[in-house]
Amino acid sequence: MKIDKYILKEKKSFEIELKKVFSNINRKNKLHNIMKYGVNNGGKRLRPIIIKEFSKSLGLAKTQYLPAMLAIELIHCYSLVHDDLPSMDDDDYRRGKLSTHKKYNEGQAILSGNSLLTLAFELISSLENKKLSILLAKLVGGSGLAGGQSMDLEFSRKKLKIQKILDIHELKTAYLFEFCASAPFIINNSKPRIISAARKYGNLFGRVFQIMDDIHDEAELDNHSINILSVCNKDEAILLCNKYSRQAEIHLKTIVSNKNCKMPEILASIMSN
């Protein structure tokens, strides 16, 4: 698909910028090297790509949105480093590569995750945008990503209803996408109703993303998995994705008039892969 090639091209472009962040870091400091290891995890870099896509539609300069791109990916990487820890998901590998705590040790993995999160806020603060910083803090803290991780631990051995699973999806995944979609509009000082529509779009995009991720993880489903397929079948999950996708399309029309915006194709790609 053309869109898959586009995403790959944008991923490579972003990773050049990500490499620059670590190029000036003191290599003698072992923790910095461990942070770099956790960031080079083979991810799709979809979250920063979304920030760039909406920023381009608004005509923002690269210097206006790049710190947000870098920050959100560092936060995503920190969450993966911590997710893999023995006290959490206890995964020895991340995309075929040793998890940070297996490559180094648990203590160093915790410190590297904490440092990636701190570095993310250092970068976002360079934009000197109070609204953006506050939103990011809310979406990744106890009321957002971290709260979702806590619920994941609390309910991992319990039988859940679909709404509880969707609530965890929202906190752990959709909130980061909510930031990605709305950050460019906050940077652009767009009207509150536009920012609100962008947040709703990102939230729905994230819900689709997580459901499709659950479907891809079907082979690894067990009694402890918080996976939507534990409460519904694959066809029902895809129907829910289609519902969210239609709702997202409505919000997208509110926030973007540029026909060159690739977001519809990116969402379609997520649903088809």
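Before reading on, note that the structure itself is shown above.
Residues numbered from 1 in each chain as written. Predicted model: local features only at pLDDT ≥ 70, side-chain atom pairs only at ≥ 80, totals over all residues. Heavy atoms only, no water.

Colleague: Looking at this structure, how should I read the nonpolar core?
Modeller: Within soluble globular proteins, side chains that are nonpolar tend to cluster in buried spots. Ranked by size, the top nonpolar core spans 84 residues in total, and within it F22, F54, F179, Y201, F205 and I255 carry the most contacts. Here this core takes 14 residues from helix α9 (residues 162-187), the largest share from any one element. Every residue in contact with F22, bar those within four places of it in the chain, is listed here: H32, M35, K36, V39, L74, L116 and L119. (Core = buried A, V, L, I, M, F, W, Y, C linked by side-chain atoms within 4.5 Å. Buried < 20%, exposed > 50% of the residue type's maximum accessible area, 1.4 Å probe, protein only. Helix = DSSP H or I, 4+ residues; strand = E, 2+ residues; numbered from the N terminus. Contact = heavy atoms within 4.5 Å.)

Colleague: Whenever I open this one, the pattern of salt bridges confuses me. Can you help?
Modeller: A side chain with one charge can pair with a side chain of the opposite charge if their charged atoms come near. Scanning the entire structure with this criterion turns up eleven salt bridges. Put simply, D84 and R94 hold a salt bridge, and the shortest N to O gap is 2.7 Å. Placement of D84 in the loop between α4 (62-83) and β1 (93-94) and of R94 in strand β1 is noted, with a sequence separation of ten residues between them. Residue class for D84 comes out buried when judged on its relative accessible area of 3%. Exposure remark for R94: the relative accessible area of 21% places this residue in the partly exposed category. Of the charged contacts, one joins E178 and R199 as a salt bridge, the two residues approaching to 2.7 Å between their closest N and O atoms. Here R199 lies in helix α10 (residues 192-216) and E178 lies in helix α9, a separation of 21 residues in the sequence. Via salt bridges that share partners, K9, E10 and K52 belong to a single interconnected network. (Salt bridge = Lys/Arg side-chain N within 4 Å of Asp/Glu carboxyl O.)

Colleague: What is the right way to look at a negative patch on the surface in this model?
Modeller: On the surface, D89, D90, D91, D92, E106 and E220 cluster together to form a negatively charged patch. Turning to its location among the elements, D91 is positioned in the loop between α4 and β1. (Patch = residues over 30% accessible without salt bridge, like charges linked within 9 Å, V, L, I, M, F, W, Y side chains within 5 Å. Areas by Shrake-Rupley, 256 points an atom, 1.4 Å probe, with all protein chains shown as cover. Lys, Arg positive; Asp, Glu negative; His and termini not counted. Charge placed at Lys NZ, Arg CZ, Asp CG, Glu CD.)

Colleague: For this particular structure, what's the right way to read the packing of α4 against helix α6 (residues 106-125)?
Modeller: Helix-helix packing: each pair is described by the crossing angle between the helix axes and the interaxial distance. Closest axis-to-axis distance for the α4/α6 pair is 8 Å, and the angle between their directions is 165 degrees. Here α4 lies roughly antiparallel to α6, going by the angle between them. Relative to α6, the crossing made by α4 is left-handed. Listed contacts from α6 to P67, A68, L70, A71, L74, I75, C77, Y78, V81 and H82 of α4 are A109, I110, S112, G113, N114, L116, L117, L119, A120, F121, L123 and I124. (Axes fitted to C-alpha atoms, helices over the stretch in contact; angles between N-to-C directions. Parallel < 35°, antiparallel > 145°, perpendicular 65-115°, else oblique. Left-handed = near helix turned anticlockwise from the far one by under 90°.)

Colleague: What's the story with α4 in this structure? I'm lost.
Modeller: Note: α-helices contain 3.6 residues per turn, so residues at a spacing of three or four share the same orientation. Under the 1.5 Å per step criterion, the end-to-end length of α4 is 31 Å for 22 residues, consistent within 8% with the ideal 32 Å. Summarising burial for α4: 19 of the 22 residues are buried, a large majority. (Expected span 1.5 Å × (residues − 1).)

Colleague: How should I be thinking about the packing of aromatic side chains in this particular structure?
Modeller: Geometrically, a pair of aromatic rings is defined through the distance of the ring centres and the angle of the planes. Applying the stated criterion across every chain yields a total of six aromatic pairs. Considering the side-chain rings of F54 and Y201, the 5.7 Å spacing of their centres and the 85 degrees angle between planes classify their relative orientation as edge-to-face. On the criterion of sequence distance, the pair formed by F54 in helix α3 (residues 46-58) and Y201 in helix α10 is long-range, its members being 147 residues apart. Like Y201, F54 is buried. (Phe/Tyr/Trp six-rings, centres within 6.5 Å; stacked < 30°, edge-to-face > 60°.)

Colleague: It is not clear to me how the environment of L46 should be interpreted in this structure. Could you clarify?
Modeller: Assignment of secondary structure puts L46 in helix α3. With sequence-adjacent residues up to four places away left out, L46 is seen in contact with F177, F205, F209, I266 and I270.

Colleague: Please explain the environment of S87 as it appears in this structure.
Modeller: For S87, the position within the fold is in the loop between α4 and β1. As a C-alpha pair, S87 and Q210 span 123 residues in sequence and 22 Å in three-dimensional space. What S87 contacts, discounting residues up to four positions off in sequence, is E106 and L153.

Colleague: It is not clear to me how helix α2 (residues 30-39) should be interpreted in this structure. Could you clarify?
Modeller: Every buried residue belonging to α2 is among I34, M35, Y37, G38 and V39, and all of these are buried. Structurally, the start of α2 carries an N-cap: the backbone nitrogen of L31 is 3.0 Å from a side-chain oxygen of N29. (Polar contact = N/O pair within 3.5 Å; in protein donor to acceptor, adjacent residues only side chain to side chain.)

Colleague: Sorry, what's going on with the side chain of R207 here?
Modeller: Along the chain, R207 falls in helix α10. In this structure, R207 is in contact with L166, E170, A174 and Y244, ignoring residues within four places of it in sequence.

All quantities given are derived from atomic positions and should not be read as evidence of function.
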